[in-house]
Amino acid sequence: MLDKARMICLDDIKKFLLEDEEGKHVGRVAIYDAANITVENRKQVVEAMKGVLPMAHIIFVEVIQTDIEKIKSHIRNVKIHVGMPDFKTASDKDKGEENPAREGVSEEHAVQEYMQRIEQYKKTYVPLGGDKNLSFIKIIDDGRQVTVNRIKGFLPGRIVNYLTSIHTQPRPIYLSRHGESQYNVLRKVGGNSPLSPLGEKYAVALAEWVKINVLDPKEPLSKKPQHARLYTSSLRRTIDTVRHFDHTIQKDGWVTMRRREWRALDEIFAGVFDGMTYDQIKQKAPMQFQARLKNKLEYRYPRGESYMDVIKRVEQAVLCIEALQDPVVVVAHQAVLRIVYCYFMMRDKNKAPKVSIPLNTVIKLVPRNHGCEEARFVLVNKENKEDSNNAPSH
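Presented here is an overview of the structure given in this document. These numbers were taken from a predicted model, which means no experiment stands behind them.

## What to know about the packing of helix H12 (residues 307-323) against helix H13 (residues 334-344)
Line of reasoning, step 1. One can describe the packing of H12 onto H13 by two numbers: an axis separation of 9 Å at closest approach and a directional angle of 55°. Here H12 is positioned oblique relative to H13, judged by the angle of their axes. The chirality of how H12 crosses H13 is right-handed. The segment H12 lies against H13, with Tyr-307, Val-310, Ile-311, Arg-313, Val-314, Val-318, Ile-321 and Glu-322 engaging Ala-335, Val-336, Arg-338, Ile-339, Val-340, Tyr-343 and Phe-344.
Line of reasoning, step 2. Split into classes, the residues belonging to the contact of H12 with H13 amount to 12 nonpolar, no polar and three charged.

This is the structure we're talking about:
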């Protein structure tokens, strides 16, 4: 029965990889999520893909965790309450998630049952590494040791980069646009203007909010919240927004909220329209204005950038944020933060240009194993949040 199910899955993968999109051959990646724990299982995958993919394009991924407490924590947070309906416990029933077959089972009992399942897997499990002809990535204890074999090319290299960046440690990510700038007041896009008086008010409020809520939270998610990081773009309005932050040197030598500047976090470049209002753009270049309205994601400003261009340059900064286990405050720009937000909230990139990232607001994200929690905090201008807090940008 299990072998039959495997072959059905592999047949679906073959169809997907060979399928044309509107008559065009497109690059596709399929993820086969299965416990290929034996040599025979892996041979079955390779054999099934013959005539579809060369062996070099089949990459096996093995993740090993030797810390028993981390394994149990993962079982509690993911397997019991999210991913395994047969492991719902009595506490899930209180949340409206009924499972008569498991009614009355304690969480600890369910953990022990799942640990026994792992022990059964160990009896037949053969670690990767015996067959040097396979392409594989092996990650032990959250990246303490990483082994790659027969990994060549751009995309396989990017997969390695991504897998060595992700982890399961919950930590808060704080996103904030810069304080209102003089260009925001004039309703102009782009530029490198200083803050307005309201922007300066927000900069002061943000520094105080970070001191209380980021550096000294009541319920810290990370071991050392005082080691929180600070990322900004290279533009003046983000740098001015964080200039009131505390940068004292801590007892262990850590510089509090030392700023790291990323040009990759700069706002989308409006090219020949930089410094203009949308009304001016509409008057001087009506066809360009309409083209952008029709396809904001792919439209590229003349001699400037598109959202797709920004996605490419923001990628490395996002992976750095992903890899952090400490809290991080990211002060950047509307278009850039839309992309960062969509990545962590697992939203389609097509929705990025319409995501609400208002001024004077901190967005707190907490990535979990399945999904991402979100909370928003308006720090100043609360009475007018639907107007100037959404000043035009990109």
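## Digging into the environment of Val-61
Line of reasoning, step 1. Here Val-61 shows up in strand E1 (residues 59-64).
Line of reasoning, step 2. With 77 residues separating them in the primary sequence, Val-61 and Lys-138 have C-alpha atoms 6.0 Å apart.
Line of reasoning, step 3. Leave out the neighbours within four places in its chain, and Val-61 touches Leu-128, Ile-137 and Leu-163.

## Quick look at the layout of surface pockets
Over the atoms a probe the size of a water molecule is rolled, and this reveals where empty space is left.
Line of reasoning, step 1. In this structure, the second largest pocket encloses a volume near 380 Å³.
Line of reasoning, step 2. As for the second largest pocket, its lining consists of 18 residues, of which Arg-292, Leu-293, Asn-295, Lys-296 and Leu-297 are closest to the centre.
Line of reasoning, step 3. Elements that contribute at least two residues to the lining of the second largest pocket include exactly helix H10 (278-284) and helix H11 (286-294).
Line of reasoning, step 4. Among the elements that take part in the lining of the second largest pocket, H11 stands out by supplying five residues, more than any other.
Line of reasoning, step 5. Of the residues assigned to the lining of the second largest pocket, the class counts are nine nonpolar, three polar and six charged.

## Let's talk about the nonpolar core
Line of reasoning, step 1. In this structure, Leu-175, Tyr-231, Leu-265, Val-330, Tyr-341, Phe-344 and Leu-365 are the most contacted members of the largest nonpolar core, which totals 33 residues.
Line of reasoning, step 2. Only strand E4 (173-177), H12, strand E7 (328-332), H13 and strand E8 (361-367) provide two or more residues apiece to this core.
Line of reasoning, step 3. Here this core takes eight residues from H13, the largest share from any one element.
Line of reasoning, step 4. Grouped together as the second largest cluster of nonpolar side chains are 19 residues, Leu-206, Ala-207, Leu-230 and Val-242 included.

## Quick word on the sheet that holds E7
Line of reasoning, step 1. In spatial order, the strands read E6-E5-E7-E4-E8-E9; together these six strands make up an open sheet with mixed pairing. Whereas interior strands pair on both sides, the edge strands pair on one side only; in this sheet they are strand E6 (259-261) and strand E9 (372-378). Taking the axes of each pair of neighbouring strands and ignoring which way they run, one obtains an average angle of 20° across the sheet.
Line of reasoning, step 2. The pairing of E4 with E8 spans four bridges and is classified as antiparallel. What sits directly across from Leu-175, in E8, is Ile-363.
Line of reasoning, step 3. Strands in contact with H13 are E4, E7, E8 and E9; relative to E4, the strand with the most contacts, it is inclined by about 155°.

## Re unusual backbone geometry
Line of reasoning, step 1. Of note, the phi angle at Met-257 is positive, near 50°, even though the residue is not glycine.
Line of reasoning, step 2. Relative to the helices and strands, Met-257 is located in the loop between helix H9 (236-241) and E6.
Line of reasoning, step 3. Classification of Met-257 by relative accessible area gives buried; the value is 1%.
Line of reasoning, step 4. Positive phi, close to 60°, is recorded for Asn-360, a residue that is not glycine.

## With respect to the sheet that holds E1
Line of reasoning, step 1. Reading across the sheet, the three strands line up as E1-E2-E3 and stay open at both edges, with mixed pairing between neighbours. Bordering the open sheet on either side are E1 and strand E3 (145-149), each of which pairs with just one other strand. With strand direction ignored, the average angle separating the axes of adjacent strands in the sheet is 10°.
Line of reasoning, step 2. Inspection of the sheet shows strand E2 (residues 135-140) paired to E3 by five bridges, in the antiparallel sense. Bridge pairing in E3 links Phe-136 to Asn-149.

What counts, and at which threshold
Residues numbered from 1 in each chain as written. Predicted model: local features only at pLDDT ≥ 70, side-chain atom pairs only at ≥ 80, totals over all residues. Heavy atoms only, no water. Axes fitted to C-alpha atoms, helices over the stretch in contact; angles between N-to-C directions. Helix = DSSP H or I, 4+ residues; strand = E, 2+ residues; numbered from the N terminus. Parallel < 35°, antiparallel > 145°, perpendicular 65-115°, else oblique. Left-handed = near helix turned anticlockwise from the far one by under 90°. Contact = heavy atoms within 4.5 Å. Nonpolar A, V, L, I, M, F, W, Y, C, P; charged D, E, K, R; others polar. 1 Å grid on protein atoms, 1.4 Å probe; cavity = no way out; pocket = protein on both sides within 12 Å on 5 of 7 lines; lining within 4 Å. Points joined across faces, edges and corners; volume = space filled by probe spheres on them. Core = buried A, V, L, I, M, F, W, Y, C linked by side-chain atoms within 4.5 Å. Buried < 20%, exposed > 50% of the residue type's maximum accessible area, 1.4 Å probe, protein only. Pairing = 2+ DSSP bridges.

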